[in-house]
Amino acid sequence: MKVAFFVTDLQKEQHQYSTYRLAHRLRQCGHQVFHTSASDMTYRRDGIFAIRTWRVPAGPCKSPRAYFEKLLSDGIREETEVADLDILMLRSDPSLSQEQTGWAATMGIELGRLAREMGVVVLNNPDGLNRALNKMYLQHFPERVRPRGIVTMSLQDIEEFAAGLPGDLILKPVQGSAGKGVFFVSRGKRENLAQIVQVLSRDGYIVAQEYLPEAEEGDTRLFLVNGRPLMRNGRYAAFRRLRKGEDVRSNVHVGGKIARAEITPAILEVVEVVRPRLVSDGMFFVGLDIVRDKLLEINVFCPGGLGNAQRLEGVDFVPEIVRLLERKIRSCSYYRERWYHLDSTML
C-alpha cells in the first residue's frame, strides 16, 4: 500500500504522536509511507493534483522515535500525485494556534475530498470531519450520553441555564480544543459570569455545560476503530486522565496525569449509542473522552495518547490498526474490481 499522512505542520510534530507509531509499523510491514503538511499541496494547470511529501530513506528504524528523527533529518523530498495513493490519513492538529494555522484543517478536508474522488481511501472521511470542525458535533448525538448543555452567545440564556442546574457550570468556546478557554463556575460564586461570557464570546459561540462531579476522578480516553473499541490480546486501548490540583482540565499537556482505565458497562453503552453516527460519518479512528456514562469530547482529527494506552496495558495496539487498514484496502479493491467487471459487461 501507499499511505500518506497529512498533518498541520511537520516541523511541529513530536515523535511520540500516534501518527509516527502507525507510520513506523506500516513501513515495517513493507508499505510505502509518505508525510505531507498543510502547505504542501499544488494543483497544476495540467489537471494533476500533487503534494510535496517526505519519506524515510531505506534502512532500519528500530522505533517510532528513530523513524521520526530520520524523517526530519534525512527525509527524501519528492512530489507525489494524489491519485497514486491507496490511503490518505488526515491528522491535522486543532490544538495548534488558530491564528496561524486555523485554515489547515479545512484544507486537509478539501484535499481529502479531491483524493476520494480519485479513488483514494481517506480516513477519517472528510465530509464527517467537516461536520466535526467544532464542539457542535457533540450535539448530533443522543441526549442521554451528553451532559446537559446549551450553545449560545447570550449571557441571559447562560444565566437561565445555570439557574436550573443543581450544581456547577463549565463554559468553553465552541471552536476551542486541547482544554483552551475552559472555565469552571461554581454555583455559589457566579459574580464573574458576565466577564467570562464577554471574554469567550469574542471568539464566537460558547458551550455552557453542567459540571459532572465524577470528573474529579478523571475521565477515560477510549479509542475506537470503525465504531468499535480498539482491542488487542483482550485489552482495551484506553487510559484514564487525572486532573492536576484544582485545575478542572485533565488534559495531559496541562499537567494531567494518566492511569489505567476501567472499561465499565456504562462506558461500553456509550460506545453502542454513538457507534451508528460515527460509522455513518466515516470516522475510522476516534478517541472518546467519557466520564461515567457521559461523553465529554469526540476526538476525530488526531486522537492522541495511543502510546499511553500501550504503556499502561503492556500491549502494542498499532498492529491491530494496521491489520484493519489492510483489510479495508483489500475490501475496497475487491469492490472496485467487481464494479469495473460489471460495468464492462454492460458495454
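Residues numbered from 1 in each chain as written. Predicted model: local features only at pLDDT ≥ 70, side-chain atom pairs only at ≥ 80, totals over all residues. Heavy atoms only, no water.

**Q** What should I look at first to understand the nonpolar core in this one?
**A** Generally speaking, soluble globular proteins have nonpolar side chains that are buried together. Leu88, Leu278, Leu288, Ile298 and Val300 are the most contacted members of the largest nonpolar core, which has 42 residues in total. Only β1 (2–7), β4 (49–55), β6 (87–90), α4 (104–117), β12 (219–225), α8 (265–280), β18 (285–291) and β19 (294–299) provide two or more residues apiece to this core. Considering every element that reaches this core, the biggest residue donor is α8, with six residues. In this view, isoleucine 298 contacts Tyr137, Leu138, Phe141, Leu278, Val286, Gly287 and Leu288; residues no more than four positions away in its chain are not counted. Leu26, Leu71, Val121 and Phe223 belong to the second largest nonpolar core, which has 35 residues in total. (Core = buried A, V, L, I, M, F, W, Y, C linked by side-chain atoms within 4.5 Å. Buried < 20%, exposed > 50% of the residue type's maximum accessible area, 1.4 Å probe, protein only. Helix = DSSP H or I, 4+ residues; strand = E, 2+ residues; numbered from the N terminus. Contact = heavy atoms within 4.5 Å.)

**Q** What is the right way to read the pattern of salt bridges from this model?
**A** Where charged atoms from two side chains of opposite charge approach closely, those side chains can pair. In total, this model carries 19 salt bridges according to the counting rule given. Salt-bridge contacts for aspartate 127 lead to arginine 116; the nearest nitrogen and oxygen are separated by 3.0 Å. Separated by eleven residues along the polypeptide, aspartate 127 in helix α5 (residues 126–131) and arginine 116 in helix α4 bring together distant segments of the chain. For arginine 116, a relative accessible area of 32% gives the class partly exposed. The partner of arginine 148 in a salt bridge is glutamate 210, with the nearest N and O atoms 3.2 Å apart. Here arginine 148 is found in the loop between α5 and β8 (149–152), whereas its partner glutamate 210 is found in strand β11 (residues 206–210), with 62 residues between them in sequence. The network of salt bridges with shared partners includes Glu110, Arg113, Arg116 and Asp127. (Salt bridge = Lys/Arg side-chain N within 4 Å of Asp/Glu carboxyl O.)

**Q** Got a minute to help me understand unusual backbone geometry in this structure?
**A** With glycine set apart, most residues show a phi of negative sign, and most peptide bonds adopt trans. Note the cis peptide between leucine 123 and asparagine 124, where omega equals -5°. Tracing the chain through its elements places asparagine 124 in the loop between β7 (121–123) and α5. Even without being a glycine, asparagine 226 presents a positive backbone phi close to 55°. Relative to the elements of secondary structure, asparagine 226 occurs in the loop between β12 and β13 (228–229). Judged by its relative accessible area of 30%, asparagine 226 is partly exposed. The phi angle at asparagine 233 is positive, at roughly 55°, despite the residue not being glycine. Within the secondary structure, asparagine 233 is located in the loop between β14 (231–232) and β15 (235–236). Accessibility expressed as a relative area gives 63% for asparagine 233, which makes it exposed.

**Q** What should I look at first to understand helix α7 (residues 193–201) in this one?
**A** Since the α-helix turns once every 3.6 residues, residues separated by three or four places project in the same direction. Among the residues of α7, Leu193, Ile196, Val197 and Leu200 are the ones counted as buried. Mapping the buried residues of α7 onto a view down its axis gives an arc of 95°, with all of them on the same face. Taken together, the buried residues of α7 touch α6 (155–163), β9 (169–173), β10 (183–185) and β11. (Arc of directions from axis to C-beta.)

That is the geometry; function is a separate question.
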